[in-house]
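# Summary of structural features
Spelled out from the first residue to the last, the chains are:
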There are 2 protein chains.
Amino acid sequence: MPVVLAKELARVLEQEIIFGEIAPEARLVEEEVGERFGISRSPVREALRLVEQDGLVIRHPRRGIWASPVGRADLDEVYSCRLALEGLAAEQAARARAPSHVAALEKALAEMEAAHARGDVRAYFQGNVDFTDVIHDAAKNETLRRLLNGIGKQALRYRYLAYASAPELVTMSLSGSKDILAAVSQGNARLAREVTERLIRRSWDAIGAAIERGAAA
Amino acid sequence: MPVVLAKELARVLEQEIIFGEIAPEARLVEEEVGERFGISRSPVREALRLVEQDGLVIRHPRRGIWASPVGRADLDEVYSCRLALEGLAAEQAARARAPSHVAALEKALAEMEAAHARGDVRAYFQGNVDFTDVIHDAAKNETLRRLLNGIGKQALRYRYLAYASAPELVTMSLSGSKDILAAVSQGNARLAREVTERLIRRSWDAIGAAIERGAAA
DNA sequence: CATGTGAGTAGTGTATACAGTCTACAGTAT
DNA sequence: ATACTGTAGACTGTATACACTACTCACATG
């Protein structure tokens, strides 16, 4: 299986940004990144274009690239967009209502439940990401998928942080995900949108509160 | 003023795709593009990354890049997303309600009116694009702006095509734009969203009908 | 005829070198 | 002390060369 270095590198950098191994607003220098991974600047440049596309870095032409910031203002930007688009995705998924996607949602939910029962936040997070990815697939709209990718990764930083710091969010997320699955499997597009938007709003509020607490510390 | 070739080239290629000088699904070969513009493959590659980000080309790794398709399925993908995001932009613009943005909207609308009065579709189109850009600025949400850029250019192909082929759309667009301006200048966020969504829906229907007519020809 | 294999070529992906821009800092003038 | 200018170095952007992959076509085999 041949690999495109740029794409692989983009994936790694994104993970590092999401999980905080690359700090918000940290400078990314092409040569340094290349040295770290033992590759030349060409695929680094291309990878950084991809990471930029996903909103995780900001480029200032001829001056450099920085990891994008994390904070209340950024959260509000990302979540207002996410509210609009995740609601649309759920609606379109419910309309399409493909059995294989419903099965995949059930599987992801089972994994989330098991992780929750054993108190494993990281596994819960991964299950929840999988659940969200299935909804995006199930919407069968490639343009929407691309847009969701554009903010989904930004949102992941907040989602991970939130689950780790506010465990009641995990319970709320699990319950909301059950509602989404029910609406999608019944083909109820309007309900799917509503419960998705409700869950996003609650997450937004809870993450916002966690950030404000963080800011006060 | 120094220039980044990749960015300039991306702009040119996007214009050519939007106005049909590069046909839907046409193959774009790096070396050929470089020869056309007298530059090397490096900035061509970077430009094509940017154009891909805006949804106007599709890359198949190790195989090449093609202009993205135009058709009913693509229209529906783009417009369902646009409905969600343009509505949000108008809502946020009305909330922000900055006098300089209201003034810019009035100016753009005046230009649209003058163009309409003299039957100049291309100038009308440009005025309408300017109007839309002001709304995006006025929303003061950089993430949303980035997402709208991601589909706005895809939508431009349809918008231009539609105005040229269905003149009643121009009248409808002008009227809808007046409604949006009124709602934004009153700071009525809910109304701004509603009238924007109504206009987008009508455009979607009209463009869809124009495509079906085109398909039958 | 249908299918498989191998060679050649087109074109993408990566490495390296060079040119240009920006930033930081030292030196000089007021 | 402050402001301005010039220089060096860091780093981005572009050009070119090489390596690798995918596709096409000709030929061989069943």
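Residues numbered from 1 in each chain as written. Chains lettered and ligands numbered in written order. Predicted model: local features only at pLDDT ≥ 70, side-chain atom pairs only at ≥ 80, totals over all residues. Heavy atoms only, no water.

### Describing the state of the cysteines
Under the defined criterion, the tally for this structure stands at 0 disulfides over all chains. Here Cys81(A) is not cross-linked by a disulfide; its sulfur's nearest cysteine counterpart is in Cys81(B), at 12 Å. (Disulfide = S-S within 2.5 Å.)

### Here we look at the domain arrangement of chain A
Residues and elements named next belong to chain A. For chain A, the assigned domains read domain 1 (5-67) and domain 2 (72-216). Domain 1 and domain 2 are separated by 26 Å when their C-alpha centres are compared. Across the contact, 9 residues belong to domain 1 and 9 residues belong to domain 2. Taking both sides of the interface into account, the surface hidden between domain 1 and domain 2 amounts to around 860 Å²; carbon and sulfur atoms contribute 59%. Taken as a group, Ile 18, Phe 19 and Asp 54 account for 59% of the area that domain 1 buries against domain 2, more than any other trio of residues on that side. Taken together, the links from domain 1 to domain 2 amount to 2 salt bridges. We note a salt bridge from Asp 54 to Lys 153, for which the minimum N-O separation is 3.2 Å. For the pair domain 1 and domain 2, the number of links is 2 residue pairs in polar contact (both at pLDDT 80 or more). The greatest single-element share of the side of domain 1 that touches domain 2, amounting to 3 residues, is contributed by helix α1 (residues 5-18). (Domains from an automatic or database assignment. Contact = heavy atoms within 4.5 Å. Buried area = accessible area lost by both parts, 1.4 Å probe. Salt bridge = Lys/Arg side-chain N within 4 Å of Asp/Glu carboxyl O. Polar contact = N/O pair within 3.5 Å; in protein donor to acceptor, adjacent residues only side chain to side chain. Helix = DSSP H or I, 4+ residues; strand = E, 2+ residues; numbered from the N terminus.)

### With respect to the packing of α1(A) against helix α2 (residues 30-37) of chain A
Residues and elements named next belong to chain A. Orientation of α1 relative to α2, taken along the N-to-C sense of each, is 105 degrees, at an axis distance of 12 Å. Judged by the angle between their axes, α1 and α2 are roughly perpendicular. Residues Leu 9, Val 12, Leu 13 and Glu 16 of α1 form the contact with α2, whose participating residues are Val 33, Arg 36 and Phe 37. Classifying every residue of the contact of α1 with α2 by side-chain character gives 5 nonpolar, no polar and 2 charged. (Axes fitted to C-alpha atoms, helices over the stretch in contact; angles between N-to-C directions. Parallel < 35°, antiparallel > 145°, perpendicular 65-115°, else oblique. Nonpolar A, V, L, I, M, F, W, Y, C, P; charged D, E, K, R; others polar.)

### What to know about the packing of helix α5 (residues 99-117) of chain B against helix α6 (residues 121-138) of chain B
A pair of packed helices is characterised by two quantities: the angle between their axes and the separation of those axes. Residues and elements named next belong to chain B. Running from N to C, α5 and α6 cross one another at 165 degrees; their axes reach a closest spacing of 8 Å. When the axis of α5 is compared with that of α6, the two are roughly antiparallel. Here α5 runs over α6; the crossing is left-handed. Contacts from His 101, Ala 104, Leu 105, Ala 108, Leu 109, Glu 111, Met 112, Ala 115 and His 116 in α5 reach Ala 123, Tyr 124, Gly 127, Asn 128, Asp 130, Phe 131, Val 134, Ile 135, Asp 137 and Ala 138 in α6. Taken together, the residues of the contact of α5 with α6 sort by class into 12 nonpolar, 4 polar and 3 charged. (Left-handed = near helix turned anticlockwise from the far one by under 90°.)

### Quick word on the sheet that holds strand β1 (residues 27-28) of chain B
All names here are of chain B. Judged by pairing direction, the sheet is antiparallel, and its 3 strands sit side by side in the order β1-β3-β2 without closing on themselves. Taken across any chain shown, the strands that pair with only one partner, and hence form the sheet edges, are β1 and β2 (57-60). Here β1 pairs with strand β3 (residues 64-67) via 2 bridges, running antiparallel. Across the sheet, the residue bridging to Leu 28 is Ile 65, located in β3. (Pairing = 2+ DSSP bridges.)

### Some remarks on the pattern of salt bridges
Scanning the model with the defined rule gives 42 salt bridges over all chains in all. Taking the shortest distance from any N to any O, the salt bridge between Arg193(A) and Glu91(A) comes out at 2.4 Å. Here Arg193(A) is found in helix α9 (residues 189-216), whereas its partner Glu91(A) is found in helix α4 (residues 72-96), with 102 residues between them in sequence. Across the pair Asp120(A) and Arg118(A) runs a salt bridge whose closest N-O atoms are separated by 3.7 Å. With relative accessibility at 28%, the residue Asp120(A) sits in the partly exposed group. For Arg118(A), a relative accessible area of 56% translates into the label exposed. Each of Glu30(A), Arg41(A), Arg45(A), Arg49(A), Glu52(A), Arg59(A) and Glu46(B) takes part in salt bridges that share partners, so that together they form one network. (Buried < 20%, exposed > 50% of the residue type's maximum accessible area, 1.4 Å probe, protein only.)

### A word on the protein's contact with DNA strand D
The environment of DNA strand D is formed by 22 residues, the closest being Arg41(A), Leu5(B), Ser40(B), Ser42(B) and Arg63(B). For DNA strand D, the backbone makes up 69% of the atoms found within 4 Å of the protein, where backbone means sugar plus phosphate. Taking Arg27(A), its side chain carries an N or O atom lying 3.4 Å from a phosphate oxygen of DNA strand D. Arg45(A) has a polar side-chain atom sitting 3.1 Å from a phosphate oxygen of DNA strand D. (Near = heavy atom within 4 Å.)

### Considering the sheet that holds strand β3 (residues 64-67) of chain A
Hydrogen bonds along the backbone pair up the strands of a sheet, which may run parallel or antiparallel. Residue and element names in this part refer to chain A. Read from one edge to the other, the open sheet built from 3 strands follows the order β1-β3-β2, with strand pairing classed as antiparallel. Each edge of the open sheet carries a strand with a single partner, namely β1 (27-28) and β2 (57-60). Along the sheet, helix α3 (residues 41-53) makes contact with β1, β2 and β3, crossing β2 at roughly 115 degrees.

### What to know about the interface of chain B and chain A
Opposite the 31 residues of chain B that make contact, chain A presents 32 residues. Both faces combined, the contact of chain B with chain A buries some 2,600 Å², and carbon together with sulfur accounts for 53% of it. Linking chain B with chain A are 4 salt bridges. The partner of Glu46(B) in a salt bridge is Arg49(A), with the nearest N and O atoms 2.8 Å apart. On the surface where chain B and chain A come into contact, there are 18 residue pairs in polar contact (both at pLDDT 80 or more). If you list the elements that add at least two residues to the side of chain B that touches chain A, you get α3 (41-53), α4 (72-96) and α7 (142-165) of chain B. In terms of residue class, the side of chain B that touches chain A is made up of 14 nonpolar, 8 polar and 9 charged.

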